[in-house]
Amino acid sequence: MSTAPSVPDAVSHVHGLTGFDAAALAGNGTGVAVYGIGGTGVTSLIEACRVVDPMSPAVEGRWGRRVDDVSVGIALMVVDPSSSVGDEEKQAVDELRSRFGIVALVGSKIDAFWDWPRILRAHRALLDPFEQLPVFAVSSAAALSGAADESGVPALMEWITECLAAPSDARRERVRVAAALGAVERTLDGLTRAIDPDVASETLDRLADRRRALLESRDRGRADRLAAARAGLARARSESLADVAAGTRGLAAAATARSATLKRAAVDGYVRWLTDEVAALRDRVDHATDERIDEVRAATLVGIEAQVDAEPRTDPDDRAPDPPFGRAVPSGRRGGEDALLVLIGASTGLGVGRLIVAPMASVQTLQWVSMPLTLLLGVVVAALVIRVRRTTALRADLRGWSSDALNETRGRLEHRVGLRLAAAEPHLASQVTRFHERRSRQVSAEVAEIDVRLRDLRSGSATRDRRDQLGRLRGTHRELVSLAQALGGDDADV
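Residues numbered from 1 in each chain as written. Predicted model: local features only at pLDDT ≥ 70, side-chain atom pairs only at ≥ 80, totals over all residues. Heavy atoms only, no water.

Peer 1: Please explain the overall build of the protein chain as it appears in this structure.
Peer 2: Across its full length, the protein chain holds 13 helices and five strands. Taken across its 494 residues, the protein chain has 39% of its residues classed as buried. Expressed as a percentage of contacts within the protein chain between residues at least 6 apart in sequence, the contacts between residues at least 24 apart total 85%. Counting every atom, the protein chain has about 26,800 Å² of accessible surface; 55% of that belongs to carbon and sulfur. (Helix = DSSP H or I, 4+ residues; strand = E, 2+ residues; numbered from the N terminus. Buried < 20%, exposed > 50% of the residue type's maximum accessible area, 1.4 Å probe, protein only. Contact = heavy atoms within 4.5 Å. Areas by Shrake-Rupley, 256 points an atom, 1.4 Å probe, with all protein chains shown as cover.)

Right under this line is the structure:
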């Protein structure tokens, strides 16, 4: 004659079979948490319980919140005949059983549906296929309207009071056995469906389809992404070079207009202006090039940007100062040319002076002033000629210097654009390649796992193992049911 196992032994055995540790539950709480999905009447049921018993411990439960689980001793899952139940409600019941152990199904709104018994039995068949949970049928509206004796709520409160009145050690054992029983039933349900021939055949077809889909999609899209990256970067290169050409042409026109009226004293200001404009053009071209590269990167990595590794950018350093222009700024000083210019100015001035003073030589009284006046006019005209010639030569030199500087700037910017785009292409290609290599490894591993499962299913070894495990679980289930009945966990049915 076999002896029924103790609660710790049974819980430990279930932990070894299913991996669920019911011993971790506190199991001595005195609260009642009421749960429901989709407006099933949780609030009205709590109010009805307080009408029947003003000291009712029922409160609305919070899904996924485990901070206050230690204070809860019973969980109520509310369903109503007005809506169907499915996998969501099934998972909710399984979660409550694993969190609290003692769980009851409560069918609400029975006053509004005459065929509520049939609907509630159908709900229980899905939510509690082994029929181990207590089930109650209540009408919160009847209890709140003064017909509490006919509402079914007193029976629910009587069961709650009886459960919570037990000693703390007894409640703890009941909770742990009930939670272990729920874990065994979940595992039994999954194994039973897996051993079903129809389910096994469907599983084989599903695994084969999954394997075929994985192999077909393993390297799909790689060539398209790389081609899109190359085409996008080529377009970005042509657009950025067009920006460089347009910018330098605009600067050349502005420099020509400024140098046409330039004075010698404003040469330094002109050089600073041109240097600042060149730096601003560089910043605009860099910004536009970066935006185009980012657009190409976004289009290339669409759908995989969250799965690729981030790498540092290898673009040229934006903070690096521009090197000085290769040609020195013209100073207007030429040495021998200046001496020749002075000689030409002096001769021109003397000639103009003699031309102006010549009529005075025929006047006898004015002959004595003709020579000083000739010299004075010669000096004035010579100074004017020298000044105009020097300014004209300086402006011509500045136009030539500006043209050389802008040509040099255009070459630097085109080289800079080329460096940025040349650095972006291998970076994008490496990201795409790494993603597909990683995906290929993942697909290969998943295909290998599917092959093992297919081989086991076709050979029947997996089915034999499941049948052996199913037999052990059924025996454990019977022991847990007997243990729960011995602990006083009698069910309350509709």
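Peer 1: Is there a simple way to think about the packing of aromatic side chains in this case?
Peer 2: Geometry of an aromatic ring pair is reported as the spacing of the ring centres plus the angle between the planes. Scanning all chains against the criterion turns up two aromatic pairs. Aromatic pair Y35 and F100: ring centres 6.0 Å apart, planes at 35°, arrangement tilted. One end of the pair, Y35, is in strand β1 (residues 31-36); the other, F100, is in helix α3 (residues 87-100), with 65 residues separating them in the sequence. Residue Y35 is classed as buried on the basis of its relative accessible area, which comes to 3%. (Phe/Tyr/Trp six-rings, centres within 6.5 Å; stacked < 30°, edge-to-face > 60°.)

Peer 1: Even after reading the chapter, I still don't get the packing of helix α2 (residues 42-52) against helix α6 (residues 153-165), so can you show me in this structure?
Peer 2: Between two packed helices, the angle of one axis relative to the other and the distance separating the axes together describe the packing. The geometry of α2 relative to α6 is characterised by a closest axis approach of 10 Å and an angle of 80° between their N-to-C directions. Considering their axes alone, α2 and α6 lie roughly perpendicular with respect to each other. For the pair α2 and α6, contact is made by L45, A48, C49 and V52 and by V153, P154, L156 and M157, respectively. Partitioned by chemical class, the residues of the contact of α2 with α6 number eight nonpolar, no polar and no charged. (Axes fitted to C-alpha atoms, helices over the stretch in contact; angles between N-to-C directions. Parallel < 35°, antiparallel > 145°, perpendicular 65-115°, else oblique. Nonpolar A, V, L, I, M, F, W, Y, C, P; charged D, E, K, R; others polar.)

Peer 1: Explain the nonpolar core to me, please; I cannot follow it from the model alone.
Peer 2: Membership of the largest hydrophobic core comes to 44 residues, with the highest contact counts inside it found for I74, L76, L156, W159 and I160. Taken together, the elements giving at least two residues each to this core come down to α1 (7-18), β1, α2, β3 (72-79), β4 (103-107), α6, α7 (168-195) and α13 (461-486). Among the elements that line this core, the one with the most residues is α7, at nine residues. Not counting chain neighbours up to four residues away, the residues in contact with I160 comprise V32, I74 and L76. (Core = buried A, V, L, I, M, F, W, Y, C linked by side-chain atoms within 4.5 Å.)

Peer 1: Whenever I open this one, the sheet that holds β3 confuses me. Can you help?
Peer 2: Backbone hydrogen bonds hold the strands of a sheet together, and the pairing may be parallel or antiparallel. Read from one edge to the other, the open sheet built from five strands follows the order β2-β1-β3-β4-β5, with strand pairing classed as parallel. Each end of this open sheet is capped by a strand with a single partner; those strands are β2 (58-60) and β5 (135-137). Averaged over all pairs of adjacent strands, the angle between strand axes in this sheet comes to 30°, irrespective of strand direction. Strand direction decides the pairing type here: β1 and β2, joined by three bridges, are parallel. By the bridge assignment, A33 is partnered in β2 with V59. Contacts from α2 reach β1, β2, β3 and β4 within the one sheet, and its direction differs from that of β2 by about 160°. Its contacts with the sheet place α6 against β1, β3, β4 and β5, and it is angled at close to 155° to β3. (Pairing = 2+ DSSP bridges.)

Peer 1: Help me out: how do you make sense of helix α4 (residues 116-127) in this one?
Peer 2: Counting along an α-helix, one turn takes 3.6 residues, and residues three or four places apart therefore face a common direction. For α4, which comprises 12 residues, the first-to-last C-alpha distance of 16 Å matches the rise-based estimate of 16 Å (1.5 Å per residue) to within 8%. I119, L120, H123, R124 and L127 are the residues of α4 that are buried. In a view along the axis of α4, the buried residues occupy a sector of 140°, so they form one face of it. Turned more than 90 degrees from where α4 packs its buried face, R118, R121 and A125 sit exposed. Contacts made by the buried residues of α4 are with β3, α3, β4 and β5. (Expected span 1.5 Å × (residues − 1). Arc of directions from axis to C-beta.)

Peer 1: I tried to follow unusual backbone geometry on my own but got confused; where do I start?
Peer 2: A positive phi angle, near 60°, is found at K109, a position not held by glycine. When you line up the elements, K109 lands in the loop between β4 and α4. In this structure, E131 is a non-glycine residue whose phi angle is positive, near 55°. Tracing the sequence through the fold places E131 in the loop between α4 and β5.

Peer 1: Looking at this model, I keep getting lost on α2. Mind explaining?
Peer 2: Those residues of α2 that sit buried are V42, L45, I46, A48 and C49. All buried residues of α2 project into a common sector of 160° when viewed along the axis, lining one side. Where α2 is buried, its residues meet β1, β2, β3, β4, α5 (140-144) and α6.

Peer 1: Looking at this structure, I do not really get the pairing of β1. What am I missing?
Peer 2: Side chains on a regular strand alternate between the two faces of the sheet. The element β1 is largely enclosed, with a buried count of five among its six residues. Of the pairings in the sheet, the one linking β1 to β3 comprises six bridges and is parallel in character. If you follow G36 over to β3, its bridge partner there is V78. With α2 bridging β1 and the parallel β2, this β-α-β connection has right-handed handedness. (Right-handed = clockwise from strand over helix to strand, strands pointing away.)

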